[in-house]
Amino acid sequence: MDYPLNALGLSHQFMASHIQKGALCIDGTAGRGRDTLFLCNLVGPSGKVHAFDIQEEAVASTKSLLEQHNVTWADVHLENHCHIDRHFTPDTVDAIMFNFGWLPGGNHHVFSHGETSVKAIEKGLALLKPGGVMSLCIYYGRESGYEERDTLLAYLETIDQKRFSVLLGNFINRTNEPPMVVFIFKDRI
Ligand SMILES: C[S@@+](CC[C@H](N)C(=O)[O-])C[C@H]1O[C@@H](n2cnc3c(N)ncnc32)[C@H](O)[C@@H]1O
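Remember, it's a predicted structure, so these values are computed and weren't measured experimentally.

Asks: Help me understand the packing of helix H1 (residues 7-18) against helix H2 (residues 34-43), please; the structure alone is not making it clear to me.
Replies: If you want to describe how two helices pack, look at the angle between their axes and the distance between the axes. Axis separation between H1 and H2 bottoms out at 10 Å; the angle between their running directions is 20°. Relative to H2, the element H1 is oriented roughly parallel. The interaxial crossing formed by H1 with H2 has right-handed handedness. Seen from H1, the contacting residues are Leu8, His12, Met15 and Ala16; seen from H2, they are Asp35, Phe38, Leu39 and Leu42. Among the residues making up the contact of H1 with H2, the classes are represented as six nonpolar, one polar and one charged.

Asks: How should the sheet that holds strand S7 (residues 180-186) be read in this particular structure?
Replies: The strands that make up a sheet are held in pairs by hydrogen bonds between backbone atoms, and each pair lies either parallel or antiparallel. On the basis of which strands lie adjacent, the open sheet formed by seven strands has the order S3-S2-S1-S4-S5-S7-S6 and mixed pairing. Strands with a single pairing partner mark the edges of an open sheet, and in this sheet they are strand S3 (74-78) and strand S6 (164-169). Here the strands of the sheet are splayed against their neighbours by 15° on average, with no regard to which way each runs. Across six bridges, strand S4 (residues 93-99) lies against strand S5 (residues 128-138) in parallel orientation. What sits directly across from Ala95, in S5, is Val133.

So, how was this worked out
Residues numbered from 1 in each chain as written. Predicted model: local features only at pLDDT ≥ 70, side-chain atom pairs only at ≥ 80, totals over all residues. Heavy atoms only, no water. Axes fitted to C-alpha atoms, helices over the stretch in contact; angles between N-to-C directions. Helix = DSSP H or I, 4+ residues; strand = E, 2+ residues; numbered from the N terminus. Parallel < 35°, antiparallel > 145°, perpendicular 65-115°, else oblique. Left-handed = near helix turned anticlockwise from the far one by under 90°. Contact = heavy atoms within 4.5 Å. Nonpolar A, V, L, I, M, F, W, Y, C, P; charged D, E, K, R; others polar. Pairing = 2+ DSSP bridges.

These figures come from the coordinates and say nothing about function on their own.
Okay, here's the thing in structure tokens:
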């Protein structure tokens, strides 16, 4: 499969190279459901995907997309991703995606914020299995400004290097504030 050379394409390629059939995955930002559907196709019917979003419009869009594709192995939660720890046991999740920002085609003034995004990442890291992975797409500029990007970058540098490796991808020669991608690997131990 060809993946576009941008933050989202790279995060999909990363997920595809780590996720096996039967895996347990989380989409922390369901939006229109495209990433949830992508994860569902990777894990197959023997796997499970849980998707979270704070907007009813996003939950409805995601459920509708999954129905159109006859996908029955996903649960879509109308819930802030900073509470994902309520649904899973630590060290059990194979992969987690966060594609921060606003709902595509939705209200540009409802978007993710640094404080809750950091909480969600922290909780997500505890939920990952040894050898599990997380990807982040970080958008910035325009209506959402720079607060979330700056908060996330400051936090990511502090993640314990003895247990995790954090890789940042930034298209430094592209104009118009291209989104950044982050890959996090939990050590196998
Ligand atoms: C860029 S979109 C995600 C795109 C989506 N993955 C897709 O495939 O269409 C970001 C989404 O994050 C959601 N969001 C923002 N803050 C959130 C939070 N604290 N918890 C859960 N979802 C949140 C927004 O409502 C929006 O739908």
